[in-house]
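# Descriptive analysis of the structure
Here is how the chains run, residue by residue.
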Amino acid sequence: MRHAKRYKSFMLSAALLATGMPAWAVVDSQGGPAVRQLNLQTPATQIAEQIYSLHNLMLVICLAIFVAVFGVMFYSILKHRKSLGHKAATFHESTSVEIAWTVVPFIIVILMALPATKTVVAMKDTSNADITIKVTGMQWKWGYDYLKGEGEGISFLSTLATPRTQIGAPGVEPTEARGDNYLLEVDNQVVVPVNKKVRMITTANDVIHSWTVPAFGVKQDAIPGFVRDTWFKADKIGVYRGQCVELCGKEHAFMPIVVNVVSEDDYKKWVDVKKKEMAAKADDPAKVWTVDELKQRGEKVYAANCVACHQATGKGVPGAFAALDGSAVVNGEKGAQIGILLNGKNAMPAWKSTLSDTEIAAVITYTRNSWSNKAAENIVQPAEVLAARK
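Because the structure is predicted, anything quoted here is derived from the model rather than measured.

### So, the pairing of strand β4 (residues 190-193)
Neither face of β4 is left uncovered, since the one carrying V190 and V192 and the one carrying V191 and P193 both have all their residues buried. Of the strand pairs in this sheet, β4 and strand β10 (residues 256-262) are connected by four bridges, and their pairing is parallel. Within the sheet, the bridge partner assigned to V191 lies in β10 and is N260.

### As for the packing of helix α10 (residues 357-368) against helix α11 (residues 382-389)
Closest axis-to-axis distance for the α10/α11 pair is 8 Å, and the angle between their directions is 115°. At the point where α10 passes α11, the crossing takes the right-handed sense. Contacts from D357, T358, I360 and A361 of α10 reach α11 at P382, V385, L386 and R389. Its residues placed into classes, the contact of α10 with α11 shows five nonpolar, one polar and two charged.

### What to know about the packing of aromatic side chains
Per the stated rule, a full pass over the model turns up 14 aromatic pairs. Ring geometry for Y267 versus W270: centroids 5.9 Å apart, planes at 25°, classification stacked. Placement of the pair is Y267 and W270 together in helix α5 (residues 264-281), with a separation of three residues, close to one helical turn. A connected cluster of aromatic rings, assembled from ring pairs, spans Y144, Y146, F156, Y267 and W270. The residue whose ring lies beneath K250 is W140, and the NZ or CZ to ring-centre distance is 6.0 Å. One Lys or Arg, K274, reaches over the ring of F156 and ends 4.9 Å from the middle of that ring.

### Remarks on the pattern of salt bridges
This structure, assessed with the given rule, holds eleven salt bridges. Residue E277 pairs with K274 through a salt bridge whose shortest N-O separation is 3.8 Å. Placement of both E277 and K274 in helix α5 is noted, with a separation of three residues, approximately one turn of the helix. Classification of E277 as partly exposed rests on a relative accessible area of 38%. Between R389 and D357 there is a salt bridge whose closest N-O contact spans 2.4 Å. Of the two residues, R389 is situated in helix α11 and D357 in helix α10; the sequence distance between them amounts to 32 residues. Taking relative accessible area as the criterion, D357 reaches 12% and is therefore assigned buried.

### Topic: the sheet that holds strand β7 (residues 218-222)
In space, the five strands of this open sheet follow the order β4-β10-β9-β6-β7, with mixed pairing throughout. If you trace the sheet from one side to the other, it starts and ends with β4 and β7, each paired once. Direction aside, neighbouring strands of the sheet carry axes that sit 25° apart on average. Judged from the six bridges that link them, strand β9 (residues 238-244) and β10 form a sheet pairing that is antiparallel. For G238, the partnering residue across the bridge sits in β10 and is V261.

### Here's the deal with unusual backbone geometry
Cis geometry marks the peptide bond from Q139 to W140, where omega comes out at -5°. Take W140: it is sitting in the loop between β1 (131-138) and β2 (141-148). Its identity as a non-glycine residue notwithstanding, L183 has a phi of 65°, on the positive side. Relative to the helices and strands, L183 resides in the loop between α4 (164-167) and β4. According to the relative accessible area criterion, L183 is buried, its value standing at 14%. Phi is positive for N195, close to 60°, though the residue is something other than glycine. Take N195: it is sitting in the loop between β4 and β5 (198-204).

### Thoughts on the sheet that holds β5
Within the open sheet, the five strands sit side by side as β3-β2-β1-β5-β8. Their pairing is mixed. Of all the strands in the sheet, the pair left with one neighbour each is β3 (155-158) and β8 (228-232). The average undirected angle you get between the axes of adjacent strands in this sheet is 25°.

### So, the state of the cysteines
Using the criterion set out here, one finds zero disulfides in the structure. C244 carries a free sulfur, and the closest cysteine sulfur to it, the one in C248, is 4.0 Å from it. The class for C244 is buried, based on a relative accessible area of 4%. Here C306 is not disulfide-linked; the sulfur of C309 is the nearest cysteine sulfur, at 8.3 Å. Of the residues examined, C306 reaches a relative accessible area of 13% and is grouped as buried.

So, how was this worked out
Residues numbered from 1 in each chain as written. Predicted model: local features only at pLDDT ≥ 70, side-chain atom pairs only at ≥ 80, totals over all residues. Heavy atoms only, no water. Buried < 20%, exposed > 50% of the residue type's maximum accessible area, 1.4 Å probe, protein only. Helix = DSSP H or I, 4+ residues; strand = E, 2+ residues; numbered from the N terminus. Pairing = 2+ DSSP bridges. Axes fitted to C-alpha atoms, helices over the stretch in contact; angles between N-to-C directions. Left-handed = near helix turned anticlockwise from the far one by under 90°. Contact = heavy atoms within 4.5 Å. Nonpolar A, V, L, I, M, F, W, Y, C, P; charged D, E, K, R; others polar. Phe/Tyr/Trp six-rings, centres within 6.5 Å; stacked < 30°, edge-to-face > 60°. Lys NZ or Arg CZ within 6 Å of the ring centre and 35° of its normal. Salt bridge = Lys/Arg side-chain N within 4 Å of Asp/Glu carboxyl O. Disulfide = S-S within 2.5 Å.

Below you can see the structure in the form of structure tokens.
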């Protein structure tokens, strides 16, 4: 009866857990983790396959050790207990036992170390790469620069694409149902060709981040002031998802990674389209814009790069990130604000290598004409930003 009650209680708890699980948590992410996944993600590279095999091998060895040790222990307890008339042995410092418990663990360690070392060495071999991509971690997005191979010269930022209406905020409930790839979708995916060796060079411009894609068997820290590298060679076409796995601040959970592995022909098409897009966005810094034009573009720049810290309301985060609404800098002389965006200040990163002259001029103009701000110098032209760079 007691066991029946426990079973009934267990089933009730399981049912409540299942029904209480949010809708977005009961749908598999496309290319990401599966619902209630208990094992590693399906490997998409040979290195990931080796890691998966090593994982299984280590589990088998550990299980065998567990069974052997506890089997001998329980056998000894049951068959040599005092109630059966057995007496404890008095020997000590046995040479045979000393040799056995030294040699056996040594052999086990060697059996585990040989395949592990082979895989680790292969993971660090970044030579002869077909494509080299620089990855820059920043709070809280990823920057990608294609340095070598087909696609050289392509550069873009990759930010979270999940709308804030699905995320909500502290004390604010989300107003939109969460999608299948909640917090695992970006506006600009990394695109690479299948069966090509891709070298990833990682660094960061603020704090330590970590570029991780489980299906590739890749996890590499991105450290400010240092350059690290890793590689992968995907053997399956598809979309693969990862995240920053190094705690990097309050928006740490909002730094997803999406890699789209395509055929070689599709990759060439993507490169062509991407380069045309970049050429179209290469604005002439001498062009004179209207306030409305700059505000419209600046709103998009702000949403992609500034809203995480300064918030959509411009109120910032007290004690962490300054408010722009009513700010003396925003409402004051524009040269000071240009300097801060170009060179950074305190928690504010330098944007001179990330945003173009037009984008910086646009976002400054947007902040000076938004919320309660009514700056006397209410417009900044790209030429002024260009002049401040020199």
